[in-house]
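Here's the letter readout for the chains.
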Amino acid sequence: MLALESLVTRVQSYHPSADLELIRRAYHFSEWAHREQTRKSGEPYFVHPASVAGIAAELKLDTASVCASLLHDVLEDTPSSMKEIEADFGKEIATIVDGVTKLGKINFISREDRQAESFRKMVVAMAQDIRVLLIKLCDRLDNMRTLDHMKPEAQERIARETMDIYAPLAGRLGMQRIKSELEDLSFRFLDPENFKTLSGKVQKTQKERDHYIDTVCRTITSRLAEQGFACDASGRAKHVLSIHRKMKEQQCEFEQVFDTVAFRIGVESVADCYAALGVMHSKWTPIPGRFKDYIALPKPNMYQSLHTTVIGPGRQRIEIQIRTHEMHRVAEHGIAAHWKYKERQSGGVDPKDAERFGWLRELADFQRNLKDPVEFLESVKIDLFPDEVYIFTPKGDLRVLPRGSTPIDFAYAIHSQVGEHCSGARANGQIVPLRYKLKSGDVIEVMTSVNQQPSKDWLDFSVTTRARARIRGHLRADQRQKSVNLGKELLDNEMRGAGMSFAKFVKNEAEVRRVCEAHSVQSLDELLLTIGYGKLQTEDVVDGLRGVTPAAGGEGEAPASLRPGRIEQFVRKVTGRDQAGIKVSGIDDVLVRYAKCCNPLPGDAIIGFITRGRGVTVHRRECTKAFDTDPERRIDVTWDSKAKINRPVQLVVTTTNKPGILATVSQTFSKESINISEANCRAGDDGRARNIFTFNCSDLSQLKNVMKALQKVSGVVEVARL
């Protein structure tokens, strides 16, 4: 266990002005609070918070972070309260501790919901103070180091969560050392057989590899010294999971993976980085296509370096990374390397560096829109995916997006309004579909139209959390409004039949309030929405207005205050609104669905059925399934004469089985300007063939015309609508 004075000495070494007395108090408080608890291994529980504080000190975090590390499990695992922590250690430390604390005391439907909701809470807290995430990563690292004592199913669950969420988070924060260790520890429990085999092979070749590293480092140092450069050169074996991934990518064995070693050159300035690159390329042959300049184009997590792969000594491929000493500090510790030791500064991070982590604030914003915690967690995993593409606007501004992003993602990254009205895109001057996968270096120009609105199809190929959250938000708002409109028309129809005026009802605040209270809704819109979703029957609302209860029965009378005036009655007679039902205006309306059992066409006599939460399903009146529905939820519907609707129809054409008959039938469809989308033809033993044709038809008259034309064809025995 990390002793108190060892922790204090470690903090004092990088932060001489730290409040060491506060750290001592936090140490003793946590030790006392956890005094009766033990870990699965049998050792005192306090070993864990002390170790987490030690990792925080290795990252050179501030006093508040070290104290919060010591106290991070106090709220969850002991009787101590938030008020107690705040009184003893101040609001800053208490807020960080609360952000790290999991939601252990709330009952969720499933373990997945608990995990997702816990992560949601952490996202909100870490967007306000990045130290919440840094401590959580330290906590997870110590847990992974001591995972041996957990049950196998718990090991696998925690390791999967670490691999999916916490390792990518460390990567996004630029904390490469912690990311690599978390990945290797997760790999050990997720695939123990491969981990053991690969670790053994790495161990066996360690002596030979160390000698090779020493030889190459001396060569690099001497070569650069000859050119007048002062540098540090070091080498390391790539971590186990990295080697495993290379083996899978290259479909090869361990012995065939050549670039298992990475060399790092540290120089004084950016100019020296490029000069050193030239020296290395003159010494060893570079491999084409393996050079990456992360100095000119830094990664979103602030990582900067030059990467090149060359044919080194022994004809081995070696990767060389060249960067300044400051770049190396950032590469190892990420945002922790940018820590500013100003105890009163919120979050302790320089504002310029904080701007690079705007994605954290975006995650916090999106979690408000995604009510399903598991859906939120899945969307976060996409945003944390380590591979990125670098895209440019026509003006040369850079946007970094996850690999697999499309022009829709790019449009939403520019602005929500640009995304909502995106009608097309050009990549490098060429028009591309919205499904186009963006490539690094693409110059993307987004085309917009005021008439364009987000489509449900966009969710099939959008990738980023921002785009998907905005699309879902728009679709929900659109569906809600359509449901409100449907509810309004249903209630209007019902009230008209009962001799009431919907317009007068809306204006009568007292009646609206009474009806809303009777049905436990907050507003008229919510009442109409409930009707539109099929959760509330219009008859119940009208009966309530007439003062009729289900127990009492009877018709009741419309209140005088709600009866239509003369003008309204006249307008109804002139417009024929009394005879009209819901107007079916098109297949794009998400609240109107066409029954597949009878495939109604414009011109067919139709009837509607209100489904729960899915709008109105339209059947042909003679459809037998329509009569199986609940009579109380059937409504009158009519076709809108202005609408242009193409509906799929199937005809069964029975013909004699003779040569050329199928060609003649197909020509008949063509003459009627109908394109067959599908044909299923089968000959029987009776000398006849049964042919089922599927095609789109605009209305009943067009269908009748084609049926008449088919019946005139020689060899056609029968034509029937399926």
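Quick notes on the rules
Within each chain, residues carry numbers counting from 1 in the order of the written sequence. Under the rules for a predicted model, residues below a pLDDT of 70 receive no local features and side-chain atom pairs below 80 are neither given nor counted, while totals for whole chains, interfaces and linings still include all residues. Values shown for side chains rest on all heavy atoms present in the structure; no hydrogens or waters enter the calculation. The helix and strand labels rest on DSSP assignments: H or I over at least four residues marks a helix, E over at least two residues marks a strand, and numbering proceeds from the N terminus. Relative accessibility decides the category of a residue: with a 1.4 Å probe and only protein chains considered, values under 20% of the type maximum give buried, values over 50% give exposed, and everything between is partly exposed. Note on contacts: a residue pair is in contact if any heavy atoms of the two residues lie within 4.5 Å. Only the contacting stretch of a helix is used when fitting its axis, a line to C-alpha atoms as for every element, and angles between N-to-C directions run 0 to 180 degrees. If an angle is under 35 degrees, it is roughly parallel; if it is over 145, roughly antiparallel; if it lies from 65 to 115, roughly perpendicular; otherwise it is oblique. Here a crossing is taken to be left-handed if its near helix is turned anticlockwise relative to the far helix by less than a right angle, and right-handed if that turn runs clockwise. Three residue categories are used. Nonpolar comprises Ala, Val, Leu, Ile, Met, Phe, Trp, Tyr, Cys and Pro, charged comprises Asp, Glu, Lys and Arg, and polar comprises the others, including Gly. Definition of nonpolar core: a set of buried residues of the types Ala, Val, Leu, Ile, Met, Phe, Trp, Tyr and Cys, connected through side-chain atoms within 4.5 Å. Only strands that DSSP links by at least two bridges are regarded as paired with each other. Here a salt bridge means any side-chain nitrogen of Lys or Arg lying within 4 Å of a carboxyl oxygen belonging to Asp or Glu.

## Quick word on unusual backbone geometry
Across the chain, the bulk of peptide bonds are trans and the bulk of non-glycine residues have phi less than zero. Notably, Arg 315 is not glycine yet its phi reads approximately 60°, a positive angle. Position of Arg 315 among the secondary structure elements: in the loop between β5 (306–311) and β6 (317–324). What makes Arg 315 exposed here is its relative accessible area of 67%. With phi around 40°, Asn 599 is a residue other than glycine that occupies positive phi space. Counting through the fold element by element, Asn 599 comes out in the loop between β13 (592–594) and β14 (606–610). Its relative accessible area of 15% is what places Asn 599 among the buried residues.

## Describing helix α14 (residues 240–250)
Because each turn of an α-helix spans 3.6 residues, side chains separated by three or four positions end up pointing in the same direction. Looking only at α14, the buried set comprises Val 240, Leu 241, Ser 242, Ile 243, His 244, Lys 246 and Met 247. Immediately downstream of α14, the backbone of Gln 251 shows phi near 50°, a positive value.

## Some remarks on the environment of Val 713
Its location among the elements puts Val 713 in the loop between α29 (700–711) and β21 (716–721). Linking Val 713 and Ile 661, residues 52 residues apart in sequence, is a C-alpha distance of 8.8 Å. Residue contacts for Val 713: discarding those within four places in its chain leaves Ile 661, Thr 664 and Thr 668.

## Quick look at the packing of helix α4 (residues 63–71) against helix α7 (residues 91–100)
In contact at an axis separation of 9 Å, α4 and α7 are set at 50° when each is read in the N-to-C sense. In terms of their interaxial angle, α4 and α7 are classed as oblique. By crossing handedness, the relation of α4 to α7 is classed as right-handed. Taken together, the residues of α7 that come into contact with α4 (itself represented by Ala 64, Cys 67, Ala 68 and Leu 71) are Glu 92, Ile 93, Ile 96 and Val 97. Here the contact of α4 with α7 is built from residues that sort into seven nonpolar, no polar and one charged.

## Some words on the nonpolar core
Leu 7, Val 11, Ile 23, Leu 70, Leu 71, Phe 89 and Ile 93 are the most contacted members of the largest nonpolar core, which has 35 residues in total. Elements with a minimum of two residues in this core: α1 (4–14), α2 (20–33), α3 (47–58), α4, α5 (74–77), α6 (82–89), α7 and α9 (131–145). It is α2 that contributes the most residues to this core, seven residues altogether. Other than its neighbours up to four places away in sequence, Ile 23 contacts Leu 4, Leu 7, Val 8, Val 11, Thr 63, Val 66, Cys 67 and Leu 70. Of all hydrophobic cores here, the second largest spans 34 residues; its members include Phe 505, Leu 528, Ile 531 and Val 542.

## Thoughts on the environment of Leu 70
Assignment of secondary structure puts Leu 70 in helix α4. Classification of Leu 70 by relative accessible area gives buried; the value is 0%. Along the backbone, Leu 70 and Ala 56 are 14 residues apart, and their C-alpha atoms lie at a distance of 9.8 Å. The residues contacting Leu 70, other than those within four sequence positions of it, are Leu 7, Ile 23, Ala 26, Tyr 27, Ser 30, Phe 46, Pro 49, Ala 50 and Ala 53.

## Side note on the packing of α3 against α9
Relative orientation of the contacting elements α3 and α9 amounts to 125°, with a least axis distance of 9 Å. In terms of their interaxial angle, α3 and α9 are classed as oblique. Considering how the two elements wind past one another, α3 and α9 form a crossing that is right-handed. Between α3, through His 48, Ser 51, Val 52, Ile 55 and Ala 56, and α9, the contact on the second element is made entirely by Ile 135, Cys 138, Asp 139, Leu 141, Asp 142, Asn 143 and Arg 145. When the residues that make up the contact of α3 with α9 are grouped by side-chain class, the tally is six nonpolar, three polar and three charged.

## Re the pairing of strand β18 (residues 647–656)
Consecutive side chains along a regular strand alternate between the two faces of the sheet. Here β18 lies mainly inside the structure; seven of its 10 residues are buried. Sheet topology note: the β18/strand β20 (residues 688–697) ladder contains 10 bridges and is antiparallel. The residue bridging Pro 648 from the neighbouring strand is Asn 696, located in β20. In this sheet, β21 lies alongside β18 in antiparallel orientation, the contact comprising five bridges.

## Here's the deal with the pairing of β6
Of all the eight residues making up β6, seven are buried; the element is thus mostly covered by neighbouring parts of the structure. Examined bridge by bridge, strand β2 (residues 261–267) and β6 share six bridges and lie parallel to one another. For Ala 262, the partnering residue across the bridge sits in β6 and is Glu 319. In this antiparallel pair of consecutive strands, β5 and β6, the connection spans five residues, and Gly 314 shows a positive phi of 70°.

## A short note on the pattern of salt bridges
When the charged atoms of two side chains with opposite charge come close together, those side chains can pair. The final tally for this structure, using the stated rule, is 19 salt bridges. A salt bridge links Asp 139 to Lys 136; the shortest N-O distance between them is 3.6 Å. Here the residue Asp 139 and the residue Lys 136 both occupy positions in helix α9, the gap between them amounting to three residues, near one helical turn. Take Asp 139 and Lys 136: they sit in the same class, and that class is buried. The residue Asp 604 makes a salt bridge to Arg 721 at a minimum N-O spacing of 2.8 Å. Here the residue Asp 604 occupies a position in the loop between β13 and β14, and Arg 721 occupies one in strand β21, the gap between them amounting to 117 residues. It is possible to trace a salt-bridge network through shared partners that takes in Arg 39, Glu 43 and Asp 142.

## Topic: the sheet that holds strand β15 (residues 616–620)
The strand order β13-β15-β14-β16 describes an open sheet built from four strands, whose pairing is mixed. Looking at which strands have only one partner, the edges of the open sheet turn out to be β13 and β16 (634–635). Where β14 meets β16, two bridges bridge the pair, whose relative direction is antiparallel. Considered in β16, the bridge of Phe 609 is made with Arg 634.

Function cannot be read off these values alone, since they describe shape.
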